Amino acid sequence: MNGRLVGGILIGAALLSGIAIYWLQVYAFYRDVPEAEAALTLTDRDGRVEPLAVSDFRAIDASSSPIRFRACFRTSVAASEMERFAPYPGAEPLIAPRWFDCFDAPAISAALASGAAKAFLGAAHSEGYDRVIALYPDGRAYAWQQINPTFARETDARPAP
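Residues numbered from 1 in each chain as written. Predicted model: local features only at pLDDT ≥ 70, side-chain atom pairs only at ≥ 80, totals over all residues. Heavy atoms only, no water.

A.B. asks: Before we go on, may I ask you to explain the pairing of strand S7 (residues 129-135) in this structure?
C.D. replies: Here is the key point about a regular strand: its side chains alternate between the two faces of the sheet. Here S7 lies mainly inside the structure; seven of its seven residues are buried. A two-sided burial pattern is seen for S7, the buried positions comprising Tyr129, Arg131, Ile133 and Leu135 on one face and Asp130, Val132 and Ala134 on the other. Here S7 runs beside strand S8 (residues 140-147); their pairing, made up of seven bridges, is antiparallel. Pairing of Val132 across the sheet is with Trp144, part of S8. The antiparallel pairing of S7 with S8 creates a hairpin that spans four residues between the two strands, and Gly139 there sits at a positive phi of about 105 degrees. (Buried < 20%, exposed > 50% of the residue type's maximum accessible area, 1.4 Å probe, protein only. Helix = DSSP H or I, 4+ residues; strand = E, 2+ residues; numbered from the N terminus. Pairing = 2+ DSSP bridges.)

A.B. asks: Hey, could you run me through the pattern of salt bridges in this one?
C.D. replies: Side-chain pairs of opposite charge can arise where the charged atoms are in close proximity. By the definition in use, this model includes seven salt bridges. Where Arg84 meets Glu50, a salt bridge forms, and the shortest distance between an N and an O atom there is 2.9 Å. Of this pair, Arg84 sits in the loop between strand S5 (70-75) and helix H3 (105-114) while Glu50 sits in strand S3 (residues 49-51), and the two are 34 residues apart along the sequence. Look at Arg84 and you get partly exposed, because its relative accessible area is 38%. Judged by relative accessible area, which is 21%, Glu50 ranks as partly exposed. A salt bridge links Asp138 to Arg140; the shortest N-O distance between them is 3.0 Å. Owing to a relative accessible area of 31%, Arg140 belongs among the partly exposed residues under this scheme. (Salt bridge = Lys/Arg side-chain N within 4 Å of Asp/Glu carboxyl O.)

A.B. asks: Help me understand the side chain of Thr75 in this model?
C.D. replies: On the secondary structure map, Thr75 appears in strand S5. Here Ala53 takes part through its backbone oxygen, which lies 2.8 Å from a polar atom of the side chain of Thr75. The contacts of Thr75, once residues within four sequence positions are left out, are Leu52, Ala53, Leu135, Gly139 and Ala141. (Polar contact = N/O pair within 3.5 Å; in protein donor to acceptor, adjacent residues only side chain to side chain. Contact = heavy atoms within 4.5 Å.)

A.B. asks: Help me understand H3 in this model?
C.D. replies: Every α-helix winds through 3.6 residues per turn, so residues three or four apart in the chain are directed the same way. Those residues of H3 not exposed but buried are Ala105, Ile108, Ala111 and Leu112. Around the axis of H3, the buried residues are gathered within 125 degrees of arc, so they sit on the same side. What points out from H3, more than 90 degrees from its buried face, is the exposed set Pro106, Ala113 and Ser114. The elements touched by buried residues of H3 are strand S6 (118-124), S7 and S8. Among the residues trailing H3, Gly115 stands out with phi positive, at a value near 90 degrees. (Arc of directions from axis to C-beta.)

A.B. asks: In this structure, what is going on with the sheet that holds strand S1 (residues 30-32)? I would like to understand it.
C.D. replies: To summarise the sheet geometry, strands pair through backbone hydrogen bonds and adopt either a parallel or an antiparallel arrangement. With antiparallel pairing, six strands are arranged side by side in an open sheet as S1-S4-S5-S8-S7-S6. Looking at strand neighbours, the two that pair on one side only are S1 and S6, the edges of this open sheet. Strand-to-strand, the axes of this sheet are offset by a mean angle of 25 degrees, without reference to chain direction. As paired elements, strand S4 (residues 54-62) and S5 share five bridges and run antiparallel to each other. Within S5, the residue paired with Val54 across the bridge is Thr75. Contacting S6, S7 and S8, H3 crosses the sheet at an angle of about 95 degrees to S8. (Axes fitted to C-alpha atoms, helices over the stretch in contact; angles between N-to-C directions.)

Below, the structure written as C-alpha cells:
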C-alpha cells in the first residue's frame, strides 16, 4: 500500500510538472504587442531605415527571449517598390505558438522558397538579432526576429542572446 501511495505521488508530481512546463513555454511569457510599440521598419539598400505603414496589425512578444517576436499585418508596399529594400538572405521564420494562428511559419517558409514572398531586413539590432519582414505582392506581411548570421558565426562557442 505504501508503494502505491509513493508511486501515485511521484506520477502526480511528474504530471503537474509537465503541465506547468508546457504552460510556461506556450502561454506564460507571451504578451500582445501594440502597433506603436512594434515600430516596424524596412531598411533600404543604402542602409537607411524607413517606417513601414501597416494595417490589421497583430503581434506577440515575450520578455524571455528576443527571438519570440511574431507579427502579422497588411501593408501598402507595392511589388514594384520592394526592389529598393535590402533583401534578407537565409530568412527562416520560427514557429509561433499554436494559438497565434495568423503566423504560419511553414507556409511563410514555403512562400519564401518559391518566390511568392520576399524577405527583407526590417532593422538590424546590435544585440545579435535582426527583424525580418516577409512581404507578399497582395499586401500580406509577416515579421519575426532572427539571430543575425554574422553574430551566429562569431559566437559558435557562446550561447545565443
